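These are the residues of each chain, in order.
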Amino acid sequence: MISSPFLPTKATIRSMIPLAPDNYLFQLQLSDASMRNCRPGQFIELWVPGVGECPISVCSGSVDGMMELCIRQVGRVTTALFQKQEGDWIGLRGPYGEGFPLDEYKGKDLVLIAGGLGVAPIRSLWQYILDNRDDFGKLIIIYGMRHSIDLLFRAEFKILMRRRDIEVYIAAEEIEGPALPPVSLQLGRVTDMLRLAPIDDNFQAAICGPPVMYKYVIKELEEKGLTHQSIWLSLERHMKCGVGKCGHCFVGGQFTCRKGPVFRLSDLEFLPEVIECS
Amino acid sequence: MERFYCFSKDKFLDFFKALESFGTVQAPVRVTDQSFAFRAVKEPKEIAFEALRTILPPKKFFYPGRETLVSWQGNEVKDHQPEIQKQVLFGVHPCDLAGLGIMDTIFSAEPQDNHYLLRREATIVVGLSCMPDKHCFCKSMGTDTPDSSAYDIFLTDIGEEYFIEIKTPRAYALFENDQLLLKPITEEHREKYKDFWLKRSEAFQIGFASDNLRATMDMEWDNPVWEELGNRCLSCGNCVPVCPTCYCFDVIDVASLHEDGGERIREWDACQFTGFAKVAGDFNFRPGPVDRLKFWYRHKLHGFEDPHGMPTCVGCGRCTVSCPSGIDDIVGTVLRLQAKVEEEPKKGPANDK
């Protein structure tokens, strides 16, 4: 008997930590080892029984008995999830997709670029890199958001900013509301930070953000001398099945859930509908 | 190894009984003046032998419009196993056999789809030859010869008799009790059989050259034809359920109203619906009917790079006849796009050789 790829495993909500308005970090206690080999950039299908599933990026650098997901309350499933309490169970399937190319990144200088909630998969990547710091070269993190009040992982960034082996640039388009604990950030966009950062053509870039952000970021990176071979994008699509069947996440001719969500930019060229959307 | 026999059309009842010994016979029946549907039949006289295209293709028997995948009750979540019944699918034409072959490839790719494969294994498929009408263009798509991976038995109408090809041992077993039904073929049968397929090949009324189909789809992505057709699209999604190879689906939860439990259900979805490519934050990658129509045409005629890379149109003409706006005239559209290639030979990389 073939086991169903649609059967979720159970996970218990260990804690729900508020990060910003409408954004929680969920710490989940896993019931089995199915997520153990999860890599930065992969995603899971999160199931709230009676409501439905949605694809969520894995947010923690290593997954053992516990997994972290940074979730914004934005749709039906996430709204139902936010009504759960610590100790309740939910379903998980995965991990799915190809994450960031860790082998390719080894020994190289890296710039990680996040826009808004796109910081969630980027966090899994920097946590992995910091766990294996000697394997990688220079590390620059660039993170932008619309309002400063939406800054995620405020406390973690404070710690990152004190480290000498990372450079962190944070920008908000509008400064708004209390910023506790305070983190030094600048008024502007991700692209402004990119111009400031000491990036040269030896860098590899990992990008995750809202679909509209990509073309501007790519342009800046091109000006810094990066080729499309060294730019990697995590694409936003609605992966409904996660196993390359349902068709919702087609990009050009690829299933985002199988070949992605992280793609090398040079592999996406000439494919229609990849980055542009409205 | 295929085995060839023949049997007289007046013996069809015996043939039918042999099929029935395996399971329920599903065959095309006439449902209105103009339309046919695959339905369970009890006797041969219900079968519409003249049917060319049924409203829905045979995929509905293996991949139903709606089915339960997972169920839960309180804390217990379990895999839902489909109820499988043995059946015989009679009267499947070459285009639909090609469609089944494509669906088989997709659903048997890892991770295998248990529900589809179990139903497929429990079904004997009996193909039937046909003569093309003014909407048939399987010859252009290369799907006009029966896909031998998709059928167990194939019948070719050679006048007073059927020429029968038996491919699987389980199909051969159906006739073991009735040794008198199947007759050995003679030289005359061979000639009639060959003639039939030649005549059929010459009977196509429409079509296009498909050698540069992939190149055409790539190079004509910005052709104004798409704008014109797309602006007439109603986004009704008719073209999708009627297509033998459209397999996209949605998975939804249906919670029980009176207890803590429910089911996760898979149902057919269509890339022509507005929200199909929508993501969080209300971004839509294919917001307009033009984008969605192009996407559908691309999947059908060009095929995707991943995972199987094949064009998925089988030339059955169902979309053409079911489109209320007349924009799914695949043959017409391809001819227009191909004419464009010839008009501007110096522009595109397709001509850089």
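Residues numbered from 1 in each chain as written. Chains lettered and ligands numbered in written order. Predicted model: local features only at pLDDT ≥ 70, side-chain atom pairs only at ≥ 80, totals over all residues. Heavy atoms only, no water.

1. What to know about the sheet that holds strand S3 (residues 36-41) of chain B
Residue and element names in this part refer to chain B.
Item 1. Reading across from one edge, S3-S2-S6-S7-S8-S9-S1-S10 is the order of the eight strands in this open sheet, with mixed pairing throughout. Pairing within the sheet leaves two strands with one partner each, and these edge strands are S3 and strand S10 (183-184).
Item 2. Here strand S2 (residues 24-30) pairs with S3 via six bridges, running antiparallel. By the bridge assignment, Gln26 is partnered in S3 with Ala40.
Item 3. Sitting on the sheet, helix H2 (residues 94-108) touches S3, strand S6 (87-92), strand S7 (123-128) and strand S8 (153-157), and the angle it makes with S7 is about 145 degrees. (Pairing = 2+ DSSP bridges. Helix = DSSP H or I, 4+ residues; strand = E, 2+ residues; numbered from the N terminus. Contact = heavy atoms within 4.5 Å. Axes fitted to C-alpha atoms, helices over the stretch in contact; angles between N-to-C directions.)

2. Comments concerning the pattern of salt bridges
Item 1. Within the structure shown, the criterion is met by 32 salt bridges over all chains.
Item 2. Across the pair Lys192 of chain B and Glu188 of chain B runs a salt bridge, and its minimum N-O distance is 3.6 Å. Of the two residues, Lys192 of chain B and Glu188 of chain B both sit in helix H6 (residues 187-202), four residues apart, roughly one turn of that helix.
Item 3. The exposure class assigned to Lys192 of chain B is partly exposed, which follows from its relative accessible area of 31%.
Item 4. Owing to a relative accessible area of 51%, Glu188 of chain B belongs among the exposed residues under this scheme.
Item 5. Lys194 of chain B is paired through a salt bridge with Glu191 of chain B; the nearest N and O atoms lie 3.1 Å apart. Here Glu191 of chain B and Lys194 of chain B lie together in helix H6, a separation of three residues that amounts to about one turn.
Item 6. Given a relative accessible area of 34%, Glu191 of chain B falls into the partly exposed group.
Item 7. Within this structure, Glu53 and Arg93 of chain A together with Asp253 and Arg264 of chain B form a network of salt bridges that share partners. (Salt bridge = Lys/Arg side-chain N within 4 Å of Asp/Glu carboxyl O. Buried < 20%, exposed > 50% of the residue type's maximum accessible area, 1.4 Å probe, protein only.)

3. Observations concerning the packing of helix H3 (residues 119-131) of chain A against helix H4 (residues 154-162) of chain A
Residues and elements named next belong to chain A.
Item 1. Here H3 crosses H4 at 40 degrees, and the two axes come no closer than 13 Å. By the criterion of interaxial angle, the relationship of H3 to H4 is oblique. The two elements H3 and H4 meet at a crossing, and its hand is left-handed. Residue-level contacts link Val119, Arg123, Trp126, Gln127 and Leu130 of H3 to Glu156, Phe157 and Leu160 of H4.
Item 2. When grouped by side-chain class, the residues that make up the contact of H3 with H4 number five nonpolar, one polar and two charged. (Parallel < 35°, antiparallel > 145°, perpendicular 65-115°, else oblique. Left-handed = near helix turned anticlockwise from the far one by under 90°. Nonpolar A, V, L, I, M, F, W, Y, C, P; charged D, E, K, R; others polar.)

4. Some points on the confidence of the model for chain B
Item 1. Per-residue pLDDT for chain B has a mean of 89; in total, 95% of the residues score no lower than 70.
Item 2. Confidence estimates for the predicted assembly give a pTM of 0.89 and an ipTM of 0.84. (pLDDT = per-residue confidence, 0-100.)

5. With respect to the interface of chain A and chain B
Item 1. Each side of the interface is counted separately: chain A has 44 residues, and chain B has 46 residues.
Item 2. A combined buried area of about 3900 Å² lies between chain A and chain B, and 61% of that area is made up of carbon and sulfur atoms.
Item 3. The interface formed by chain A and chain B holds two salt bridges in total.
Item 4. Taken together, chain A and chain B are joined by 15 residue pairs in polar contact (both at pLDDT 80 or more). (Buried area = accessible area lost by both parts, 1.4 Å probe. Polar contact = N/O pair within 3.5 Å; in protein donor to acceptor, adjacent residues only side chain to side chain.)

6. Regarding unusual backbone geometry
Item 1. A cis amide bond, omega 0 degrees, links Gly260 of chain A with the succeeding residue Pro261 of chain A.
Item 2. Position of Pro261 of chain A among the secondary structure elements: in the loop between helix H7 (256-259) and strand S15 (262-264).
Item 3. Omega for the peptide link from Glu110 of chain B to Pro111 of chain B comes to -10 degrees, which places this bond in the cis form.
Item 4. Tracing the chain through its elements places Pro111 of chain B in the loop between H2 and helix H3 (114-121).
Item 5. Phi angles above zero are rare outside glycine, and Ser235 of chain B is one such case at about 55 degrees.
Item 6. Residue Ser235 of chain B is classed as buried on the basis of its relative accessible area of 17%.

7. Describing helix H9 (residues 289-301) of chain B
Owing to its 3.6 residues per turn, the α-helix aligns residues three or four sequence positions apart on the same side.
Residue and element names in this part refer to chain B.
Item 1. Its 13 residues give H9 an end-to-end C-alpha distance of 18 Å, which sits within 8% of 18 Å, the value for a rise of 1.5 Å per residue.
Item 2. With eleven of 13 residues buried, H9 lies mostly within the body of the structure.
Item 3. Within H9 the residues assigned to the buried category are Val290, Arg292, Leu293, Lys294, Phe295, Trp296, Tyr297, Arg298, His299, Lys300 and Leu301.
Item 4. Looking at the residues trailing H9, positive phi occurs at Gly303, about 85 degrees. (Expected span 1.5 Å × (residues − 1).)

8. Here's the deal with the packing of H2 of chain B against H3 of chain B
All names here are of chain B.
Item 1. Between H2 and H3, whose axes approach to 9 Å, the crossing angle comes to 135 degrees. Between H2 and H3, the interaxial angle falls into the category oblique. Of the two elements, H2 crosses H3, and the hand of that crossing is left-handed. On the side of H2, the interface is formed by Leu100, Met103, Asp104, Phe107 and Ser108, while H3 contributes Tyr116, Leu117 and Arg120.
Item 2. Taken together, the residues of the contact of H2 with H3 sort by class into five nonpolar, one polar and two charged.

9. Quick look at the environment of Asn37 of chain A
Residues and elements named next belong to chain A.
Item 1. As for its position among the elements, Asn37 is in the loop between strand S2 (23-30) and strand S3 (43-48).
Item 2. Judged by relative accessible area, which is 67%, Asn37 ranks as exposed.
Item 3. With 58 residues separating them along the chain, Asn37 and Pro95 place their C-alpha atoms 8.1 Å apart.

10. Examining the side chain of Arg264 of chain B
Item 1. Residue placement: Arg264 of chain B occurs in strand S12 (residues 261-268).
Item 2. Those residues in contact with Arg264 of chain B, other than ones at most four positions away along the chain, are Trp47, Gly52 and Glu53 of chain A together with Glu67, Thr68, Leu69, Val70, Trp72, Val251, Ile252 and Asp253 of chain B.

11. Here's the deal with the sheet that holds strand S7 (residues 109-115) of chain A
Residue and element names in this part refer to chain A.
Item 1. In spatial order, the strands read S10-S9-S8-S7-S11-S12-S15; together these seven strands make up an open sheet with mixed pairing. If you trace the sheet from one side to the other, it starts and ends with strand S10 (186-187) and S15, each paired once.
Item 2. Judged from the seven bridges that link them, strand S8 (residues 139-147) and strand S9 (residues 167-174) form a sheet pairing that is parallel. Note that in S9 the partner of Ile141 across the bridge is Val168.
Item 3. In this fold helix H6 (residues 214-223) packs onto S7, strand S11 (203-208) and strand S12 (231-234), with an angle of close to 170 degrees to the strand it touches most, S11.

12. Some remarks on the packing of aromatic side chains
Residues and elements named next belong to chain A.
Item 1. Enumeration over the complete set of coordinates arrives at 36 aromatic pairs over all chains.
Item 2. Here the aromatic rings of Trp47 and Trp89 are separated by 6.2 Å at their centres, their planes lie at 65 degrees, and the arrangement is edge-to-face. With Trp47 in strand S3 and Trp89 in strand S6 (residues 89-96), the pair connects residues that are 42 residues apart, well separated along the chain.
Item 3. Look at Trp47 and you get buried, because its relative accessible area is 0%. (Phe/Tyr/Trp six-rings, centres within 6.5 Å; stacked < 30°, edge-to-face > 60°.)

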